[in-house]
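Residues per chain, in single letters:
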Amino acid sequence: MDRAKVAQLAAERIDWRFKALPSAAWGCTVAEYLAGGPTLDDFGTPLLTLDRGALDHNLRTMADWCARAGAWLAPHGKTTMAPALWQAQLDAGAWAITLANLSQLHVARAFGVRRLVLANTLLDPHGLAWLAKELDADPEFWFVCWVDSVAAVEQMDRALRAAGAGRPVDVLVEVGAPGGRTGVRDLDTGLAVARAAAAAPTLRLTGLGGYEGVLAHDAEPAALAAVERYLLAVRQLHARIRDEQLLDQAEQVLLSAGGSSYFDQVVELLGGVPETRLVLRSGAYLIHDDGLYHGLSPLARGAGGAPFRAAMHGWARVLSHPEPDLVLLDGGKRDFPFDEGLPTVQRTRAGRPLAGTVTGLNDQHAYLRGSAAGIGEVVRLGLSHPCTAFDRWSMIPVVDDSDAPDPRVVDLVRTFF
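It should be emphasised that the depicted structure is a prediction, and the values quoted were computed from it without experimental measurement.

Cut-off values and rules
Residues numbered from 1 in each chain as written. Predicted model: local features only at pLDDT ≥ 70, side-chain atom pairs only at ≥ 80, totals over all residues. Heavy atoms only, no water. Helix = DSSP H or I, 4+ residues; strand = E, 2+ residues; numbered from the N terminus. Expected span 1.5 Å × (residues − 1). Buried < 20%, exposed > 50% of the residue type's maximum accessible area, 1.4 Å probe, protein only. Contact = heavy atoms within 4.5 Å. Phe/Tyr/Trp six-rings, centres within 6.5 Å; stacked < 30°, edge-to-face > 60°. Lys NZ or Arg CZ within 6 Å of the ring centre and 35° of its normal. Pairing = 2+ DSSP bridges.

A. Region of the structure containing helix α7 (residues 150-162). Between its first and last C-alpha atoms α7 spans 18 Å; for 13 residues at 1.5 Å apiece the expected length is 18 Å, and the two agree. For α7, the full list of buried residues reads Ala152, Val153, Met156, Asp157, Ala159 and Leu160. Looking at the buried residues of α7, the elements they touch are α6 (125-137), β5 (142-147), β6 (169-175), α8 (187-199) and β7 (203-210). Backbone geometry just downstream of α7 places glycine 164 in the positive-phi region, at approximately 70°.

B. A look at the packing of aromatic side chains. Under the counting rule described, the total for this entry stands at seven aromatic pairs. Both rings, one in tryptophan 65 and one in phenylalanine 263, keep their centres 4.9 Å apart while their planes meet at 75°; by these two values the pair is edge-to-face. With tryptophan 65 in helix α3 (residues 52-69) and phenylalanine 263 in helix α10 (residues 263-270), the pair connects residues that are 198 residues apart, well separated along the chain. Across the pair, exposure class does not vary: tryptophan 65 and phenylalanine 263 are buried alike. Considering the side-chain rings of tryptophan 95 and tryptophan 142, the 5.0 Å spacing of their centres and the 55° angle between planes classify their relative orientation as tilted. Here the residue tryptophan 95 occupies a position in the loop between α4 (83-91) and β3 (97-99), and tryptophan 142 occupies one in strand β5, the gap between them amounting to 47 residues. Just as tryptophan 95 is buried, tryptophan 142 falls in that class too. Residue placement shows lysine 19 over the ring face of tryptophan 393; its charged tip is 4.1 Å from the ring centre. Lying across the ring of phenylalanine 338, lysine 333 places its NZ or CZ 5.3 Å from the centre.

C. Broad picture of the environment of phenylalanine 338. With respect to the helices, strands and loops of the structure, phenylalanine 338 is situated in the loop between β11 (326-329) and β12 (344-348). By relative accessible area, phenylalanine 338 is classed as partly exposed at 34%. Taking the C-alpha atoms as reference points, phenylalanine 338 and threonine 388, 50 residues apart in sequence, are found 8.0 Å from one another. In contact with phenylalanine 338, not counting residues within four places along its chain, are Lys333, Leu361 and Arg392.

D. Broad picture of the sheet that holds strand β8 (residues 254-257). Taking strand neighbours across the sheet as the criterion, the eight strands line up as β2-β9-β8-β7-β6-β5-β4-β3 in an open arrangement whose pairing is parallel. Looking along the sheet, the strands with just one partner apiece sit at the ends: β2 (72-73) and β3. Where β8 and strand β9 (residues 277-280) come together, four bridges link them in parallel fashion. In the sheet register, leucine 254 faces β9, and the bridge partner there is arginine 277.

E. Quick peek at α10. The buried fraction of α10 is high, at seven of eight residues. Buried within α10 are the following residues: Phe263, Asp264, Gln265, Val266, Val267, Leu269 and Leu270. In this structure, the buried side of α10 is in contact with α3, α9 (221-243), β8 and β9. Positive backbone phi, approximately 80°, marks glycine 272, located one or two places after α10.

The following block contains the structure:
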């Protein structure tokens, strides 16, 4: 990455655009404000925070796990869309950054990311023309994306030839499964796509990619068996493509899979293929959570290594106690994720343990029942699913210790959604 551009984020001036940042910070640069030693009490509610200790632990834990497993890591940057966090992941040993669409690619290139995996198919002719210019202008820029049909190969080839592309675009045949998302559904289709990609003058076939996480949502035997069947199908197609000598040997041959829930199975079933590099794309490990991944992560299920730690929390203030068993908080759907589970109550900001259950969210309110939280108290919430937490916040405070009575704010992470 371009470290100078990441460092420039500290010079951005704080103003009314960044919700929950105090008006006392307006007009200061990020660096100036942090130099004043702010604490969490200085910030408004609702609020999303990150925990520095948990971030550091998760970075080291995943890097060590991948090193032991012999896998490369290209973490999914869409989870955070935060260049400073991408830089931390790359510094910890990540090989590339994965993204999901063209606008995210624009952000990454604006910050000089030199190795990018697009876990998707790029068919936009304007986007392909932009990509061709980026590749031709920067010999150190490496990029790969997915294809899952002959039609997609043909459209990419036409658009790249029309753009006068000088360098070929690396592609992986995407493998899907019935009932899943994108990706070829059978061996014959996969071979046809591979043959088309290998023959296209503007493309270079360098391996296979896919995503097993769309096929399972828990760690029950049936879910793990579905993941296993899928990964074995990926390996079978890879072997057939290698047998036909369709893969471009000038580049590193890749097998890429592995979200944040089943990367242990990916290593077990796709690792060790001769002359092939396994690339994991886990995205939620860095932030982790107190919900979906708390129980589903392989490291929470005994896959080796210390478990990840929840690195994000929500904070919301009690606004109303209109009924004996009902408390209303000032954070809702516009502030906290809810697609993979509602927030959970943990404690007050002052450290007092709290009971109670969040039973629903409106746009700007949370319904809390069975709680003794008092009017004006700030409640810490456990959250589920980092990918739908970050897109609600453009600047996120990082605290030194979210368990402290008044945590010190040590950084502000800028996101670009």
